[in-house]
Amino acid sequence: MRLEDEGATSPPLQEDEERSAFVKLDPSTFFIRHPPPPHELGPSITDDEFLFQTIHMGAAIVDESRYRISITGLVDNPYSLTLTQLHALPSTTITAFHECYGSPLVPPTKALRRIGNVTWTGVPLHVLLVYARPKVSGTYVWSSGLDHGTFAGVEADRYQKDLTLAKALGPEVLVAYAMNGQPLSKNRGGPVRLVVPGWFGTNSTKWLCKLEVQDRRAEGPFTTTFYNEQYPPDDPTNPYKPVYGVQPNSMISSPEPEAEVVGAEVVVEGWAWSEDGVTTVDVSVDEGESWVDAKVEDRSELSWQRFRAKLELAKGRFVVLARAEGADGRVQPLGEGRNHVHRVAFEVV
Ligand SMILES: Nc1nc2c(c(=O)[nH]1)N[C@H]1C(S)=C(S)[C@@H](COP(=O)(O)O)O[C@H]1N2
Ligand SMILES: [Mo]
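Note that the structure is predicted; figures quoted are calculated from it, not measured. (Residues numbered from 1 in each chain as written. Chains lettered and ligands numbered in written order. Predicted model: local features only at pLDDT ≥ 70, side-chain atom pairs only at ≥ 80, totals over all residues. Heavy atoms only, no water.)

Regarding the site of ligand 1
- With respect to spatial proximity, 18 residues lie near ligand 1, and among them His56, His98, Asp147, Arg193 and Lys206 are the closest.
- Within the side chain of His98, one N or O atom sits 2.8 Å away from an oxygen atom of ligand 1.
- Contact between ligand 1 and Lys206: an oxygen atom at 2.5 Å from a side-chain N or O atom of the residue.
- Relative to its unbound accessible surface of 530 Å², ligand 1 loses 100% to contact with the protein.
- When atom positions are compared with the pocket grids, ligand 1 is found to occupy the largest cavity.
- At 3 residues, the largest contribution of residues to the shell around ligand 1 is made by strand 3 (residues 53–55).
- Per-class residue counts for the shell around ligand 1 are 6 nonpolar, 8 polar and 4 charged. (Near = heavy atom within 4 Å. Polar contact = N/O pair within 3.5 Å; in protein donor to acceptor, adjacent residues only side chain to side chain. Areas by Shrake-Rupley, 256 points an atom, 1.4 Å probe, with all protein chains shown as cover. 1 Å grid on protein atoms, 1.4 Å probe; cavity = no way out; pocket = protein on both sides within 12 Å on 5 of 7 lines; lining within 4 Å. Sits in = over half its atoms within 2 Å of the grid points. Helix = DSSP H or I, 4+ residues; strand = E, 2+ residues; numbered from the N terminus. Nonpolar A, V, L, I, M, F, W, Y, C, P; charged D, E, K, R; others polar.)

In structure tokens form, the structure reads like this:
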């Protein structure tokens, strides 16, 4: 089915009509499921049960029979889609890393490695947007979820995010209804969520009910108070920047912490990722005095990339660290930063 076909779309909705599909929140407040430690994230595709979850105000239970996604704003052809209509459109599957930025309430100094790598299936956002015919004044796309409530004492009538129209038109951005081949669960954002591969998870709005073309950034708390970064903080010359693209990052999945490795040859393995892909990963056992170049697999779609280095080591205790360089030339910091290098202590016996 194509959007142009008869019966493929539904009429535009009245203001807030899409919200009638909201039933209730469960859980009804902030909820986080932490990822397992890096050495348990060895497989290329992360199982749902190993993938972190981040929910600010509660998870929306959605009445699928009432579900409508509204495509509106600065467009010449506003319309809406039922779930059946969305499912009938040609779909795409893409493999991509999925990373949470971390708490927007504290300065971004510590690495959390709230990360996984999964496949998403859905309808490319650009297909839905082009059919709506954005006006030339349109520069952003706002996305809204069916959840609402309070986060960190701030009330929000919806979870609302934005992305630049340029990113929104990229082939990788999906209005998704499946992850790893399974329908999206409630906590994962089902029945439908936005997925913005290459950008931090916060931009991938769950329980998606509305897409609007606009001529400015969204004005709710999740794009102004939260996830609008000024770092270092309190420097008036330092502008606020939206939390969009993911910086170069990596983590070591093997050896695992406190491992006893037998023999002189130690294989260091892990994952590296960044918005534009990772070109180089270097490994060091002397806090960056000297480096060994790891082999990095080519990027496939927006997947994380495996790296592997073989080290010849004497017996004793070591701390290994890995540092990724992105295609844009940025490298992970050794010290402070939300993408600082991962260190693993182990022993050669
Ligand atoms: N509607 C809605 N979408 C949301 C959130 C939310 O609280 N509400 N959390 C965001 C954040 S911060 C992240 S990291 C990802 C997490 O997606 P996951 O729980 O499927 O891993 O969803 C994003 N989308
Ligand atoms: Mo997040």
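So, the packing of aromatic side chains
- Scanning the entire structure with this criterion turns up 12 aromatic pairs.
- Geometrically, the ring pair formed by Tyr79 and Tyr131 is edge-to-face, given 5.0 Å between the ring centres and 85° between the ring planes. Placement of the pair is Tyr79 in strand 6 (residues 79–82) and Tyr131 in helix 2 (residues 125–132), with a sequence separation of 52 residues.
- Measuring from centroid to centroid gives 4.6 Å for Tyr159 and Phe222, while their planes differ by 45°, and the two rings are tilted. (Phe/Tyr/Trp six-rings, centres within 6.5 Å; stacked < 30°, edge-to-face > 60°.)

Focus on the domain arrangement of the protein
- For the protein, the assigned domains are domain 1 (17–242) and domain 2 (249–348).
- Using only C-alpha atoms to locate each centre, domain 1 and domain 2 end up separated by 30 Å.
- In this assembly, 31 residues from domain 1 lie in contact with 24 residues from domain 2.
- Of the roughly 2,200 Å² buried between domain 1 and domain 2 on both sides combined, carbon and sulfur atoms contribute 56%.
- One salt bridge connects Arg338 with Glu99, and the closest N-O pair in it is separated by 3.5 Å.
- There are 19 residue pairs in polar contact (both at pLDDT 80 or more) connecting domain 1 and domain 2.
- Taken together, the elements giving at least two residues each to the side of domain 1 that touches domain 2 come down to strand 7 (92–99) and strand 8 (115–124).
- The dominant element in the side of domain 1 that touches domain 2, judged by the number of residues it contributes, is strand 7, at 6 residues.
- Grouping the constituent residues of the side of domain 1 that touches domain 2 by class yields 16 nonpolar, 10 polar and 5 charged. (Domains from an automatic or database assignment. Contact = heavy atoms within 4.5 Å. Buried area = accessible area lost by both parts, 1.4 Å probe. Salt bridge = Lys/Arg side-chain N within 4 Å of Asp/Glu carboxyl O.)

A word on helix 2
- Among the residues of helix 2, those classed as buried are Leu125, Leu128, Leu129 and Ala132. Buried residues of helix 2, viewed axially, fall in a sector of 95°; they line one side.
- Looking one or two residues past helix 2, Arg133 carries a phi angle of roughly 55°, positive in sign. (Buried < 20%, exposed > 50% of the residue type's maximum accessible area, 1.4 Å probe, protein only. Arc of directions from axis to C-beta.)

A look at the sheet that holds strand 23 (residues 292–293)
- Judged by pairing direction, the sheet is mixed, and its 5 strands sit side by side in the order 20-27-26-22-23 without closing on themselves. Where the open sheet ends on each side, the last strands, each with one partner, are strand 20 (260–261) and strand 23. (Pairing = 2+ DSSP bridges.)

Thoughts on the nonpolar core
- Counting 43 residues, the largest nonpolar core has Leu81, Leu128 and Val175 as its most contacted members.
- With residues up to four places along the chain from it excluded, the contact list for Leu81 reads Leu3, Ala8, Thr9, Tyr67, Arg68, Ile69, Ile71, Leu86, Leu89 and Leu128.
- By size, the runner-up hydrophobic cluster in this structure holds 21 residues, among which are Val266, Ala294, Leu311 and Leu313. (Core = buried A, V, L, I, M, F, W, Y, C linked by side-chain atoms within 4.5 Å.)

Some words on the sheet that holds strand 24 (residues 295–296)
- Taken together, 4 strands build an open sheet; the order of strands is 19-21-25-24 and the sheet is antiparallel. Of all strands in the sheet, those bounded by a partner on one side alone are strand 19 (249–254) and strand 24.
- The pairing of strand 24 with strand 25 (residues 305–312) spans 2 bridges and is classified as antiparallel. Paired with Val296 across the strands is Phe307, a residue of strand 25.

Looking at empty space enclosed by the protein
- Scanning the entire structure with this criterion turns up 2 cavities of 30 Å³ or more.
- There is about 240 Å³ of room inside the largest cavity.
- Forming the walls of the largest cavity are 19 residues, and the residues nearest its centre are Thr54, Tyr159, Gly201, Thr202 and Lys206.
- Element by element, the count of residues in the lining of the largest cavity is highest for strand 3, at 3 residues.
- When the residues that make up the lining of the largest cavity are grouped by side-chain class, the tally is 7 nonpolar, 8 polar and 4 charged.
- Approximately 50 Å³ is the volume attributed to the second largest cavity.
- Phe97, His98, Glu99, Trp120, Val195, Val196, Pro197, Trp199, Phe200, Gly201 and Ser204 are the residues that line the second largest cavity. (Points joined across faces, edges and corners; volume = space filled by probe spheres on them.)

Here's the deal with the pattern of salt bridges
- Scanning all chains against the criterion turns up 15 salt bridges.
- Close ionic contact of Asp215 with Arg216 constitutes a salt bridge, the shortest N to O distance being 3.1 Å.
- Between Glu269 and Arg308 there is a salt bridge, and its shortest N-O distance comes to 2.4 Å. Residue Glu269 is found in strand 21 (residues 265–273), and its partner Arg308 is found in strand 25; the two are separated by 39 residues along the sequence.

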